[in-house]
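Residue strings, one per chain:
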Amino acid sequence: MTTPLERLLAATGLKRAARGAADWVDLAYSHIVEQLEAVAPRTHGRLLDVGCGVKPYEYIFRPYVSEYIGVEYAKTFDATANLTQAVKPDVFYDGKTLPFESRSFDTVISITVLEHTPDPQTVLNEIGRVVKKDGIVVVVAPFSFRLHEEPNDYFRYSPHGLRVMFDTAGLAVDEIWSQGDLWTVLGHKLNSYLAFRIARLDALAQMMGKLGHEDARTTSPRLWTFPLVLPAMGLVSGSARILDRIAPDGSETLSYQVIGRVK
Ligand SMILES: C[S@@+](CC[C@H](N)C(=O)[O-])C[C@H]1O[C@@H](n2cnc3c(N)ncnc32)[C@H](O)[C@@H]1O
């Protein structure tokens with residue numbers, strides 16, 4: 001079922017522009033994309049995306065790698081994936097043992113997956129097993145993010161915990177990048193409240209290809225809130241970016257991107 005607003009967006013070609021604006025306002029997505037774009041030139045060869053979902057970041061890595069394979073845990077993927085998305089994983093597995101030879105990938109990435117498994121160390125150990133000795137590992141894990149994909153939402157991560165987990169998996173940590181400071185965290189939480197509780201943008205966001213891995217939403221947007229809420233969200237995102245620069249506080253962040261390799 002599509003709403004008149006969704007049909008209007010699709011018919012007028014405004015969907016693309018609306019998606020671009022939504023991505024800019026979405027501070028979590030913006031930081032993830034920005035940092036994946038920064039690390040992508042360091043990736044190469046055969047790439048494995050562990051917990052790939054609907055592969056929203058494949059386009060960032062494609063220019064640098066020879067192969068892009070997405071693997072998923074069938075149980076959680078089927079339980080929460082918004083199956084209206086056309087893109088599917090290449091391989092499904094049991095969530096424990098990756099069905100690949102040891103040392104068979106030049107690049108292994110895993111983006112916002114470690115919070116969604118009750119046994120994240122096993123997933124990281126497997127990443128440490130399949131990556132080649134001269135390969136690169138890129139993991140993004142949240143530090144402060146609202147509950148999502150429930151009930152499969154188990155953990156949040158500090159940089160110190162991630163270092164211990166990498167070490168246990170036989171991986172050395174080269175760099176850890178935080179994704180936004182205090183103001184980004186505050187801004188993101190305020191904007192999530194405005195978007196989901198006040199304007200009820202969930203279904204519209206999914207129509208634009210966002211919230212791709214969450215269960216299908218059917219909420220009707222509250223159109224009358226748009227003239228106030230949409231500019232407010234833009235203002236919040238812009239202000240958060242500026243305040244992170246002029247009044248940084250790195251004791252808070254949305255998530256961390258870890259770049260590692262075999263020890
Ligand atoms: C928040 S989604 C992220 C999907 C994708 N990486 C992205 O950034 O859009 C978390 C994903 O982790 C997957 N997942 C959960 N447990 C897993 C496991 N043990 N191994 C691999 N993927 C798993 C879920 O099925 C889900 O697709």
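Coordinates for the structure precede this section.
Residues numbered from 1 in each chain as written. Predicted model: local features only at pLDDT ≥ 70, side-chain atom pairs only at ≥ 80, totals over all residues.

Caption draft 1: The sheet that holds strand β5 (residues 131-142), seen in detail. Pairing within the open sheet is mixed, and its seven strands lie in the order β3-β2-β1-β4-β5-β7-β6. In this open sheet, the two strands that pair with only one neighbour each are β3 (91-93) and β6 (171-178). Averaged over all pairs of adjacent strands, the angle between strand axes in this sheet comes to 20°, irrespective of strand direction. Relative to strand β7 (residues 255-262), β6 runs antiparallel, the two sharing seven bridges. Looking at the pairing, serine 178 lines up with tyrosine 256 of β7. (Pairing = 2+ DSSP bridges. Helix = DSSP H or I, 4+ residues; strand = E, 2+ residues; numbered from the N terminus. Axes fitted to C-alpha atoms, helices over the stretch in contact; angles between N-to-C directions.)

Caption draft 2: Up close: the site of the ligand. Taken together, 18 residues lie around the ligand, and Gly51, Gly53, Tyr73, Thr76 and Gly95 are the ones closest in. Residue assignment for the shell around the ligand shows that the elements contributing at least two residues are β2 (67-73) and α5 (74-80). The residue makeup of the shell around the ligand, split by class, is eight nonpolar, eight polar and two charged. (Near = placed C-beta within 6 Å. Nonpolar A, V, L, I, M, F, W, Y, C, P; charged D, E, K, R; others polar.)

Caption draft 3: Fine view of the nonpolar core. Formed by 56 residues in total, the largest nonpolar core has its most connected members in Val108, Ile127 and Val137. The biggest single contributor to this core is β5, with seven residues. Aside from chain neighbours lying at most four places away, what touches valine 108 is Leu48, Val50, Ile127, Val130, Val131, Gly135 and Val137. (Core = buried A, V, L, I, M, F, W, Y, C linked by C-beta atoms within 7 Å. Buried ≥ 20, exposed ≤ 12 C-beta atoms within 10 Å, placed from the backbone. Contact = placed C-beta atoms within 7 Å.)

Caption draft 4: Structural context of the pairing of β5. Most of β5 sits inside the fold, with nine of its 12 residues counted as buried. In the sheet, strand β4 (residues 105-111) pairs with β5 via six bridges, with the strands oriented parallel. Its bridge partner being in β5, phenylalanine 105 is matched across the sheet by valine 131. What joins β4 to β5 is helix α6 (residues 120-130), and the crossover it makes is right-handed. Pairing analysis gives six bridges linking β5 to β7, with the strands arranged antiparallel. Looking at the pairing, alanine 141 lines up with tyrosine 256 of β7. (Right-handed = clockwise from strand over helix to strand, strands pointing away.)

Caption draft 5: Layout of the pairing of β4. Counting buried residues along β4, six of its seven residues qualify, which places the element largely inside the surrounding structure. Here strand β1 (residues 46-50) runs beside β4; their pairing, made up of three bridges, is parallel. Bridge pairing in β4 links leucine 48 to valine 108.

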